[in-house]
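One letter stands for each residue in the lines below.
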Amino acid sequence: MEQVIGKAPKTRVRYGMLALVFINVVINYLDRSNLSVAAASLSKDLALSPVEMGYIFSAFGWTYAVLQIPGGLVADRFGPRILYAFCLITWSISTVFQGFARGFASLFALRLATGAFEAPSYPINNRIVTSWFPDNERAAATAMYVSGQFIGLAFLTPVLVTIQYYAGWKGLFVITGLVGLVWGVVWYLSYRDPLEHKGVNEAELAYIEEGGGLFRGKKAGTKHTSVWSWENIKLVFRGRTLWGVYIAQFAVNATLWFFLTWFPTYLVKYRGLDFIKSGYLASIPFLAACAGVLLSGFLSDNLVKKGWSVSAARKTPIIVGLILSTSIVGANYSTDTAYIIFFMAFSFFGAGMALISWVFVSLLSPKHLIGLTGGVFNFMGNLASIIVPIVIGYLAKDGDFKPALVFIGALGLIGACSYIFLVGKIERRG
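Residues numbered from 1 in each chain as written. Predicted model: local features only at pLDDT ≥ 70, side-chain atom pairs only at ≥ 80, totals over all residues. Heavy atoms only, no water.

The name given to the protein chain in an unreviewed UniProt entry is MFS transporter, and the organism recorded there is Larkinella humicola. The protein chain has a UniProt comment under Subcellular location (unreviewed entry) that states "Membrane". (UniProt positions renumbered as here; feature names shortened; annotations may be inferred.)

This is the structure in structure tokens:
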């Protein structure tokens, strides 16, 4: 039943804003993963070894992870409209220039730049959802925008493979970069915060605010001296609960970054699949991950509505997902392509279930530090984007990929244990 204030039913502008964020995430991950599609051909043309490719795969994560805390602070300081447009345009320019890389050094530097400019994106996403959605819709909203990375890659990976087949890896980077440049302008023209959007009515604003939505803070661009203090930095690093969530997010991202970096190379180089065929098969685990994150988000919200405690409703799908993600090891025990893809898809389905963990940022962070807490959370999780590709490069350098899959599976188990034994009662810290 529609909530009514006076005679006006509440508008649904929040869903339009969520759709814009969804497209941002699609483009975000398009420019993270295009290197994985280009890797087999690029490494051959530029004479790069598996270890060198491991470092190049990780380069994005070096700046992306290190700048998460500054990115979170910037997200608290400036409005999503201007900041996201700036990020989209600058990381897209870096992507275009990757098409002109001539060797390890230039490609490594450009991936560093891409990671730096993408750094504020997920803290901004979290701020937008926290502003536009009440608590009882937030896990589903988080699941919807997180699913963008999987839906986009599931349907676009075959497209990327086809683009590279006809335009080469250089054309692949140029085309994907130009898409982001155009969308950066569209975002700036389309997005508004709740109090600035002409289409939202008082009924929807009241529904959001009464449900816990946070949009009446200080306006973007005003002075936030307290946000930058060391006391606030210490606050978001303090306590067993937050550390449990941070450790588990590293484990979730370990599986994610395997699929964003080494997975196509694994299929082509280590399993001997045809390049074009691998592009279509590679889309299946991304579809599975999308199903996992959507199932988890809606299941979690429904459990809250049925009277489950917030702790149980939010943690249970994540723990189950992390346990399922360990099934990636099963691919080591089969030579049948169908079974290999099954184990990969089942594992990524589990990792997708665990990716609603972003909801904990809005649940646990102090109200004035949502961006900063999101930055720390994403920093800890995205250390995996640095460590995992490099470790896989060393583990697989002699031609055997089995130890790499065991490594990924073990991290999933550690993540599940972190939620079971470290994450206690879920409550906001100030």
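A.B. asks: Quick rundown of the overall build of the protein chain? Include the residues and the values.
C.D. replies: In terms of regular secondary structure, the protein chain is built from 17 helices and two strands. Taking 22 Å as the expected radius of gyration for a compact globule of 430 residues, we find that the protein chain reaches 21 Å, a close match to that expectation. In terms of overall dimensions, the protein chain has a C-alpha envelope of 65 × 45 × 45 Å along the principal axes. The proportion of buried residues among the 430 residues of the protein chain is 60%. Long-range contacts, defined here as pairs at least 24 residues apart, represent 84% of the contacts in the protein chain between residues at least 6 apart. Total accessible area on the protein chain stands at roughly 16500 Å², and carbon and sulfur atoms take up 68% of it. Across the protein chain, the mean location of the 35 positive side-chain charges is 3 Å away from that of the 21 negative side-chain charges. (Helix = DSSP H or I, 4+ residues; strand = E, 2+ residues; numbered from the N terminus. Rg over C-alpha atoms; globule rule 2.2 N^0.38 Å. Buried < 20%, exposed > 50% of the residue type's maximum accessible area, 1.4 Å probe, protein only. Contact = heavy atoms within 4.5 Å. Areas by Shrake-Rupley, 256 points an atom, 1.4 Å probe, with all protein chains shown as cover. Lys, Arg positive; Asp, Glu negative; His and termini not counted. Charge placed at Lys NZ, Arg CZ, Asp CG, Glu CD.)

A.B. asks: Just give me the short version of the domain arrangement of the protein chain, but keep the residues and values in it.
C.D. replies: Note: interface size is frequently given as the accessible area lost on complex formation between the parts. In terms of domain boundaries, the protein chain breaks down into domain 1 (12–200) and domain 2 (230–425). On a C-alpha basis, the centroid separation for the pair domain 1 and domain 2 is 18 Å. Facing the 53 residues of domain 1 at the interface are 56 residues of domain 2. Of all residues in domain 1, the largest losses of buried area upon contact with domain 2 belong to Phe57, Ile69 and Phe150, amounting jointly to 14% of the total for that side. Where domain 1 packs against domain 2, one counts zero salt bridges. Here domain 1 and domain 2 share four residue pairs in polar contact (both at pLDDT 80 or more) between them. When residues of the side of domain 1 that touches domain 2 are traced back to their parent elements, those giving at least two are helix H1 (13–45), helix H2 (50–66), helix H3 (68–77), helix H6 (121–132) and helix H7 (135–190). Among the elements that take part in the side of domain 1 that touches domain 2, H7 stands out by supplying 24 residues, more than any other. Among the residues making up the side of domain 1 that touches domain 2, the classes are represented as 32 nonpolar, 16 polar and five charged. (Domains from an automatic or database assignment. Buried area = accessible area lost by both parts, 1.4 Å probe. Salt bridge = Lys/Arg side-chain N within 4 Å of Asp/Glu carboxyl O. Polar contact = N/O pair within 3.5 Å; in protein donor to acceptor, adjacent residues only side chain to side chain. Nonpolar A, V, L, I, M, F, W, Y, C, P; charged D, E, K, R; others polar.)

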